[in-house]
Amino acid sequence: MNSIESNFVLDAKGLACPMPIVKTKKAMKDMEAGHVIEIQATDKGSKADLQAWAKSSGHEYLGTIEEGEVLKHFVRKSSGEEAVERKHEAVTDNEALASKLKQENVIVLDVREKAEYAFKHIPGAISMPLGDLENRVEELNKDKDIYVVCRTGNRSDMAAQMLSDKGFANVINVVPGMSEWTGDVESDIK
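For clarity, every value in this text was computed on a predicted model and none was experimentally measured.

An account of the layout of surface pockets is needed here, citing residue identities and associated values.
The space that makes up the largest pocket amounts to roughly 310 Å³. Lining the largest pocket we find 14 residues, and of these Gln 51, Ala 52, Lys 55, Glu 134 and Met 162 sit closest to its centre. Among the secondary structure elements, those contributing two or more residues to the lining of the largest pocket are helix 2 (46–57), helix 5 (130–136) and helix 6 (154–165). With five residues, helix 2 is the single largest residue contributor to the lining of the largest pocket. For the lining of the largest pocket, the residue count by class is five nonpolar, five polar and four charged.

Lay out the sheet that holds strand 2 (residues 36–41) in plain terms, naming residues and giving numbers.
The four strands are arranged 1-2-4-3 in an open sheet whose pairing can be described as mixed. The strands lining the two open edges of the sheet, one partner per strand, are strand 1 (8–12) and strand 3 (60–67). This sheet shows a mean twist of 20° between the axes of neighbouring strands, independent of strand direction. Examined bridge by bridge, strand 3 and strand 4 (residues 70–76) share seven bridges and lie antiparallel to one another. Each residue of the ladder has a partner; that of Ile 65, found in strand 4, is Lys 72. In this fold helix 1 (residues 19–29) packs onto strand 1, strand 2 and strand 4, with an angle of close to 155° to the strand it touches most, strand 1. Helix-sheet contacts for helix 2 involve strand 2, strand 3 and strand 4, and the interaxial angle to strand 4 is about 5°.

Please provide a residue-by-residue account of the pairing of strand 8 (residues 145–149), values included.
Summarising burial for strand 8: four of the five residues are buried, a large majority. Strand direction decides the pairing type here: strand 6 (residues 106–110) and strand 8, joined by five bridges, are parallel. Paired with Val 106 across the strands is Asp 145, a residue of strand 8. Crossover connection from strand 8 via helix 6 to parallel strand 9 (residues 171–174): handedness right-handed.

Explain the side chain of Asn 173 to me, using residue names and the numbers behind them.
With respect to the element layout, Asn 173 can be found in strand 9. A distance of 2.4 Å separates polar atoms of two side chains, one belonging to Asn 173 and the other to Ser 156. In this view, Asn 173 contacts His 88, Ala 90, Val 91, Thr 92, Val 148, Gly 153, Ser 156, Asp 157 and Ala 160; residues no more than four positions away in its chain are not counted.

Break down the pattern of salt bridges for me, citing the residues and quoting the values.
The final tally for this structure, using the stated rule, is seven salt bridges. As a salt-bridge pair, Asp 110 and Arg 112 come within 2.7 Å of each other at their nearest N and O atoms. For the pair shown, Asp 110 and Arg 112 are each scored as buried.

Criteria and thresholds
Residues numbered from 1 in each chain as written. Predicted model: local features only at pLDDT ≥ 70, side-chain atom pairs only at ≥ 80, totals over all residues. Heavy atoms only, no water. 1 Å grid on protein atoms, 1.4 Å probe; cavity = no way out; pocket = protein on both sides within 12 Å on 5 of 7 lines; lining within 4 Å. Points joined across faces, edges and corners; volume = space filled by probe spheres on them. Helix = DSSP H or I, 4+ residues; strand = E, 2+ residues; numbered from the N terminus. Nonpolar A, V, L, I, M, F, W, Y, C, P; charged D, E, K, R; others polar. Pairing = 2+ DSSP bridges. Axes fitted to C-alpha atoms, helices over the stretch in contact; angles between N-to-C directions. Contact = heavy atoms within 4.5 Å. Buried < 20%, exposed > 50% of the residue type's maximum accessible area, 1.4 Å probe, protein only. Right-handed = clockwise from strand over helix to strand, strands pointing away. Polar contact = N/O pair within 3.5 Å; in protein donor to acceptor, adjacent residues only side chain to side chain. Salt bridge = Lys/Arg side-chain N within 4 Å of Asp/Glu carboxyl O.

As structure tokens, then:
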């Protein structure tokens, strides 16, 4: 197999979300426009995370090559000023979400990986990992208020943008998400 040339290799092995994105952002600040970064990661969720981040920030996600346990992601830095990262405008906090949980018009959409959801999630939340969201979006009701949660608010921000782009009008990103959730939780682990 031919190796793909990159201008910079970033070691993000052993790191979980959001650290591969945080390290990638920092490394890309010093790169020239048009250069390609190779991000080496072991977190299976990093593919969807980096793909969505690249799209929201104006960079070009080129693809991922799997070599054993290592995922090699390739992202091309955008040229000019279009690399301003978008943020979803509708944001709320954990306390506001907790007060809405009993309402019928509310969906809690958990976009963390399946393992994260299995250990601890908000009762009644729908598990739809960020990487699956695009293919499962038709399962969601556009007429309901969709509160999107992840661990810290980064993946949920990307998911909220994606849903808005697909015509969902009532999408709210929940920050800081499950990392500081103090409300009721369920576990699928017995």
